[in-house]
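Inside the fold
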Amino acid sequence: MNVGFIGTGSMGGVLIQAFIKSNALKPDQILITNRTIKKAEQLVEMHPGIHLSHSIQELVIHSDILFLCVKPMEFRSVLDIIAPLIRKEQVIVSITSPVLIRHLESKLPCKIAKIIPSITNFERSGATLCMYGSLMTDKDKELLESLLCHISAPVRIDERHARVTSDISSIGPAFMAFFVEQLVQAAVELTGISRGEANRLAGEMLLGTGLLLTSGGYSPETLQQRVSVPGGITAKALQLLQKRTDGIFLDVIKATHAKYEEDLNKVEEMMYEVK
């Protein structure tokens, strides 16, 4: 099985390296191309055996599964190039949130899937959100998920919930990193602990917390209750956090949804404009 990647930027690069690191794919099973070819060349230097193509057309012809890892406003031009070459048995996988399955099915005569990966996949962790078009069979879905399960927990979702689930699984690591940064900064300023030591402790804490919330049987609510003693230090700190952050996450989700709607409208106009 040959797997192609159009786009080797941030998330495209994460997926390629994660698949190789997890032994889900061998380098010689992977074909790549990128608008800025130097980024693709760097991946080939890191992982000898990857096939670098200077032609999108060549990559399409030789790929069984093709990941489209390009920005929303680049999709129309890429689809116009690949559409005449697509075979009906090929599986095209988009990783771009505001590009909908119906957009792709209206342009390509093949099987369509959409996934939302996470930077955590680089460490073979986290979830990958999976959505499927009308031509994807159970066998096709199992094939793609057998690949994704090497680097993540594939989770099937309704595309209507792609934005809010992405807020949790894909943007969430940035949110958590922000809070850790704030905690570490305060600890360094007030106590003199070294930043390196505080960062290490915080990282181990996040890892352990994730395990408690997945395999450990805790929910966020029960974990807080387990750590907090009424009238104790943790309870005092949680009261302050609740007061200071009241309503903040509603505003965060409203902000991500507003940006998503803006991007979606731009994609709609681009996809159906007459050239």
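Located above this text is the structure these notes cover.
Nothing here was measured: the structure is a model prediction, and the numbers come from that model.

Attention shifts here to the nonpolar core. If you look at the biggest cluster of nonpolar residues, it comprises 29 residues, and the most contacted ones within it are F5, F19 and F67. No other element matches helix α1 (residues 10–21), which puts 5 residues into this core. Apart from the residues within four sequence positions on either side, F67 is in contact with V3, G4, F5, I6, L15, F19, V93, I95, I115, L144 and L147. With 28 residues, the next largest nonpolar core counts I6, V99, L104 and A162 among its residues.

Once that is clear, we can look at the environment of E74. Checked against the element boundaries, E74 lands in the loop between β4 (65–68) and α4 (75–82). The sequence separation of E74 and H54 amounts to 20 residues, and the corresponding C-alpha distance is 17 Å. A polar contact of 3.2 Å, which involves the side chain of E74, links it to the side chain of R35.

A few words on unusual backbone geometry. The phi dihedral of N23 is positive, around 65°, even though this residue is not glycine. Topologically, N23 is positioned in the loop between α1 and β2 (30–33). Relative accessible area serves as the criterion here: at 66%, N23 is assigned to the exposed category. Phi at R124 takes a positive value of approximately 55°, unusual for a residue other than glycine. Following the sequence through the fold, R124 ends up in the loop between β6 (111–116) and β7 (127–132). When its relative accessible area of 47% is taken as the criterion, R124 is described as partly exposed.

Moving on: the packing of aromatic side chains. Per the counting criterion, the structure on display carries 5 aromatic pairs. Plain terms: the ring middles of F5 and F19 are 6.4 Å apart, the flat faces sit at 45° to each other, and that makes the pair tilted. Of this pair, F5 sits in strand β1 (residues 3–6) while F19 sits in helix α1, placing them 14 residues apart in sequence. An aromatic cluster is present here, built from F5, F19 and F67 joined pairwise through their rings. Positioned over the ring face of F122 is K21, at 4.7 Å from the centre of the ring.

A cluster of nonpolar side chains, contributed by M176, F178, F179, L183, M205, L206, I248 and F249, occupies part of the molecular surface with about 710 Å² of accessible area. Taken together, the elements giving at least two residues each to the nonpolar patch come down to α8 (172–191), α9 (195–214) and α12 (248–272). Here the nonpolar patch gets 4 residues from one element, more than from any other, and that element is α8. On the secondary structure map, F179 appears in helix α8.

Overall, the coordinates contain 12 salt bridges when judged by the stated rule. For D167, the salt bridge identified is with R163, shortest N-O distance 3.0 Å. Note that D167 and R163 are positioned in helix α7 (residues 162–169) at a spacing of 4 residues, about one turn of the helix. Judged by its relative accessible area of 13%, R163 falls in the buried class. Of the charged contacts, one joins D263 and K259 as a salt bridge, the two residues approaching to 2.7 Å between their closest N and O atoms. Linking D263 with K259, this pair stays in helix α12, spanning 4 residues, or about one helical turn.

As a volume, the second largest pocket reaches approximately 970 Å³. What lines the second largest pocket is a set of 37 residues, among which C69, V70, K71, P72 and T96 lie closest to the centre. Per-element tally for the lining of the second largest pocket: the top contributor is α12, with 4 residues. Of the residues contributing to the lining of the second largest pocket, the split by class is 15 nonpolar, 15 polar and 7 charged.

To describe two helices that pack against each other, one gives the angle between their axes and the distance between the axes. One way to put it is that α7 packs onto α8 with a least axis distance of 5 Å and a crossing angle of 40°. Taken together, the axes of α7 and α8 lie oblique to each other. Contact residues: α7 offers S166, D167, I168 and S169, while α8 offers G172, P173 and F175. Classifying every residue of the contact of α7 with α8 gives 3 nonpolar, 3 polar and 1 charged.

The strand order β3-β2-β1-β4-β5-β6-β7-β8 describes an open sheet built from 8 strands, whose pairing is mixed. A strand with exactly one partner marks an edge of an open sheet, and here the two such strands are β3 (51–52) and β8 (153–156). Here 4 bridges tie strand β5 (residues 91–94) to β6, and the two strands are oriented parallel to one another. Each residue of the ladder has a partner; that of V93, found in β6, is A113. Packing against the sheet, α4 makes contact with β1, β4 and β5, and its axis sits at approximately 155° to β4.

Scoring rules and cut-offs
- Residues numbered from 1 in each chain as written.
- Predicted model: local features only at pLDDT ≥ 70, side-chain atom pairs only at ≥ 80, totals over all residues.
- Heavy atoms only, no water.
- Core = buried A, V, L, I, M, F, W, Y, C linked by side-chain atoms within 4.5 Å.
- Buried < 20%, exposed > 50% of the residue type's maximum accessible area, 1.4 Å probe, protein only.
- Helix = DSSP H or I, 4+ residues; strand = E, 2+ residues; numbered from the N terminus.
- Contact = heavy atoms within 4.5 Å.
- Polar contact = N/O pair within 3.5 Å; in protein donor to acceptor, adjacent residues only side chain to side chain.
- Phe/Tyr/Trp six-rings, centres within 6.5 Å; stacked < 30°, edge-to-face > 60°.
- Lys NZ or Arg CZ within 6 Å of the ring centre and 35° of its normal.
- Patch = residues over 30% accessible without salt bridge, like charges linked within 9 Å, V, L, I, M, F, W, Y side chains within 5 Å.
- Areas by Shrake-Rupley, 256 points an atom, 1.4 Å probe, with all protein chains shown as cover.
- Salt bridge = Lys/Arg side-chain N within 4 Å of Asp/Glu carboxyl O.
- 1 Å grid on protein atoms, 1.4 Å probe; cavity = no way out; pocket = protein on both sides within 12 Å on 5 of 7 lines; lining within 4 Å.
- Points joined across faces, edges and corners; volume = space filled by probe spheres on them.
- Nonpolar A, V, L, I, M, F, W, Y, C, P; charged D, E, K, R; others polar.
- Axes fitted to C-alpha atoms, helices over the stretch in contact; angles between N-to-C directions.
- Parallel < 35°, antiparallel > 145°, perpendicular 65-115°, else oblique.
- Pairing = 2+ DSSP bridges.

Purely geometric stuff here, so don't read any function into it on its own.
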